[in-house]
Structures are given as structure tokens and as C-alpha cells.
Amino acid sequence: MSATHPSGGAPAENSAVALDADPARHGLVLRGVSLQHGDGPDLVRALDEVDLSVAPGELAAVVGPSGAGKSSLLAVAGGLSRPTSGAVLVAGHDMTVGSQRARAALRREHIGFVFQSGNLLPALTARDQVRLPLQFAPRRRRAGRDPLELLAEVGMAHKADRRPHQLSGGERQRVGIARALVTAPRVLLVDEPTAALDRARSHEVVRLLATEAKQRAVAVVMVTHDHDVLEHCDTVYEMVDGRLSRLG
Ligand SMILES: Nc1ncnc2c1ncn2[C@@H]1O[C@H](COP(=O)(O)OP(=O)(O)OP(=O)(O)O)[C@@H](O)[C@H]1O
């Protein structure tokens with residue numbers, strides 16, 4: 001099923017007409033994306049003709065049962081998996097074409113990932129965690145953002161010299177968000193950010209994602225099982241058996 005934005009409800013225009021006129025204005029666009037694993041009787045359609053358009057500034061949530069295809073969606077949107085068919089446009093660039101190297105470069109330049117529990121490196125301070133992506137995206141060193149400023153923005157400047165084991169789950173997640181944003185990506189892909197957090201911290205983290213999306217004009221896709229936090233999202237989609245539909 002096609003998933004498009006409501007007229008007037010989304011933070012930016014997102015119509016098919018505008019998309020075709022200037023795809024670069026759009027954060028993330030998936031058109032007719034399918035992903036199959038195996039073949040014959042073992043064939044699994046992890047994604048089945050998925051259409052999705054997430055505008056700069058929009059926080060889109062994806063919910064759905066286990067095995068529905070949510071991780072596959074993030075993998076394809078982030079250029080980690082190549083779809084069997086369809087197009088994935090990030091800031092107007094098609095992530096499905098070109099060499100693995102070229103796709104990896106696009107990923108480093110335009111996409112940030114936030115994982116469950118922050119996924120931080122144990123030996124590095126918060127400041128160095130946030131600096132790290134700039135080492136791997138040389139062109140972003142100038143265009144990217146100041147790590148300390150970013151830590152301040154997520155409320156972590158006063159703990160910049162701490163290592164992950166000296167931080168709470170919510171604090172680790174904030175550092176993970178700062179790290180994902182330091183390259184000034186156009187798209188942020190977020191996998192279960194509240195899985196390890198209590199209710200209050202979950203709300204704080206998703207509110208932070210919503211604020212960052214708007215302030216920085218980033219298109220954010222967040223996979224979550226946590227229906228409590230959907231109130232902070234601009235759009236909500238459900239994935240069932242590889243098919244995506246709009247819930248709200
Ligand atoms: N490499 C693979 N080979 C074969 N099947 C796979 C592979 N990766 C995923 N699948 C299948 O694709 C489907 C979608 O998996 P996916 O991990 O995207 O689901 P999910 O919604 O993220 O699940 P969960 O909520 O449990 O993380 C499942 O049926 C899964 O078994």
C-alpha cells in the first residue's frame with residue numbers, strides 16, 4: 001500500500017508532484033521497494049512494494065509485529081541492503097545504484113544511524129564518540145557540526161568527558177543521537193531508541209528526536225515497539241508482512 005502524507009499535516013510539502021519536480025528537496029523517498037530473501041519455497045518477502053516519503057523536519061514512526069520487515073526497511077533506506085526492486089532516494093541520490101563504495105560514501109555523507117542503547121564504543125568519552133564520524137566523512141568535517149555544541153544541544157555538554165559505563169541509558173542514547181547528527185545528515189534512521197529506557201526517559205529521547213528533526217530539517221524514520229511515544233511523531237506507519245501502511 002502506498003503511504004503518502006496528508007495535505008497540510010506534514011511539516012513540509014510532500015506531494016508526488018513536488019517530489020518529481022525536485023527530489024533533492026525530499027529527505028527520504030522509497031518508491032516501489034521490494035526486498036526478497038531466498039527463493040522457491042524459502043522465499044521471504046521482507047519488503048513488498050513499499051512506498052514512503054519522509055520530508056525534511058518530519059519524524060516518522062514505523063511500528064509492526066516481529067518479523068514484519070521493519071529492520072529490513074531501515075537497512076534498505078540506509079543503503080546497507082540493496083532492494084530486489086524499487087528506488088531509494090536520499091536527498092535526491094539513488095542509494096540502489098552505483099558501486100558498493102559509492103553507496104557507502106553516500107551513506108556517510110547523508111545518513112545517520114541511531115541504535116538501541118546508543119551502541120557507543122566503551123573506551124571513548126562522549127566527546128570522542130561524537131567526533132568519530134567526522135573522521136570517516138572527510139567532506140563533512142567542514143559541513144558537519146561542532147561536537148561540543150551538539151553535546152550541549154542534547155543536554156550532555158557537562159558529561160562530555162565521561163565514558164559509556166559512566167552514563168545512564170538515556171544519557172547514552174542522547175550521545176548516540178548527537179553522534180548520528182554530527183555529520184549534518186539529511187536522513188536519520190533510528191532503531192528502537194527507547195528499548196532500554198523507562199517511560200520518562202523514552203519520552204525525553206523521542207521528544208529530542210522530534211526537536212532535532214525540525215531544527216535541522218532532517219527526515220527521521222524511527223522503528224519502535226513503544227506506542228507511548230507515538231504522540232511525538234508527525235506520521236505513523238505500520239509494517240505487516242513487508243507491506244507498509246499509514247496509521248496516522
Ligand atoms: N538474511 C535473511 N535471510 C532470510 N530471511 C531474512 C533475512 N533477514 C531477514 N529475513 C526475514 O525477513 C523478514 C523481515 O525481517 P526483519 O528483521 O526486517 O523484521 P522486523 O520487523 O525488524 O522484526 P523484529 O521486530 O523482530 O526485529 C522476517 O521474516 C525475517 O525472518
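Before reading on, note that the structure itself is shown above.
About the criteria used
Residues numbered from 1 in each chain as written. Predicted model: local features only at pLDDT ≥ 70, side-chain atom pairs only at ≥ 80, totals over all residues. Helix = DSSP H or I, 4+ residues; strand = E, 2+ residues; numbered from the N terminus. Buried ≥ 20, exposed ≤ 12 C-beta atoms within 10 Å, placed from the backbone. Core = buried A, V, L, I, M, F, W, Y, C linked by C-beta atoms within 7 Å. Contact = placed C-beta atoms within 7 Å. Pairing = 2+ DSSP bridges. Axes fitted to C-alpha atoms, helices over the stretch in contact; angles between N-to-C directions. Parallel < 35°, antiparallel > 145°, perpendicular 65-115°, else oblique. Left-handed = near helix turned anticlockwise from the far one by under 90°. Nonpolar A, V, L, I, M, F, W, Y, C, P; charged D, E, K, R; others polar.

Novice: When you look at unusual backbone geometry in this model, what are you seeing that I'm missing?
Specialist: Keep in mind that most residues, glycine aside, have a negative phi and that most peptide bonds are trans. We note that E192 has phi near 50 degrees; this positive angle belongs to a residue other than glycine. Take E192: it is sitting in the loop between β7 (187-191) and α8 (199-216). A positive phi angle, close to 55 degrees, is found at A217, a residue other than glycine. Within the element layout of this structure, A217 appears in the loop between α8 and β8 (219-223). Using a count of 16 C-beta atoms within 10 Å as the deciding quantity, one classes A217 as partly exposed.

Novice: Hey, could you run me through the nonpolar core in this one?
Specialist: Note on soluble globular proteins: their nonpolar side chains tend to be buried together. In terms of nonpolar packing, the biggest core is built from 63 residues, with A178, L209, V220 and V221 touching the most fellow members. It is α8 that contributes the most residues to this core, 6 residues altogether. Contact partners of L209, with chain neighbours within four places excluded, come to L59, I177, V190, V220 and M222.

Novice: Is there a simple way to explain the sheet that holds strand β5 (residues 93-94) in this structure?
Specialist: Ordered in space as β2-β1-β4-β5, the 4 strands form an open sheet in which the pairing is antiparallel. Every interior strand has two partners, whereas the edge strands, β2 (44-54) and β5, have only one. Alignment of strand β4 (residues 85-90) against β5, held across 2 bridges, turns out to be antiparallel. Within β5, the residue paired with L89 across the bridge is D94.

Novice: Hey, could you run me through the packing of helix α4 (residues 126-136) against helix α7 (residues 169-181) in this one?
Specialist: If you want to describe how two helices pack, look at the angle between their axes and the distance between the axes. Axis separation between α4 and α7 bottoms out at 7 Å; the angle between their running directions is 30 degrees. In this view, α4 runs roughly parallel relative to α7, as classed from their interaxial angle. Seen along the crossing, α4 lies across α7 with a hand that is right-handed. Mapping the contact onto sequence places A126, Q129, V130, L132 and P133 in α4 and V175, A178 and R179 in α7. Partitioning the contact of α4 with α7 into residue classes produces 6 nonpolar, 1 polar and 1 charged.

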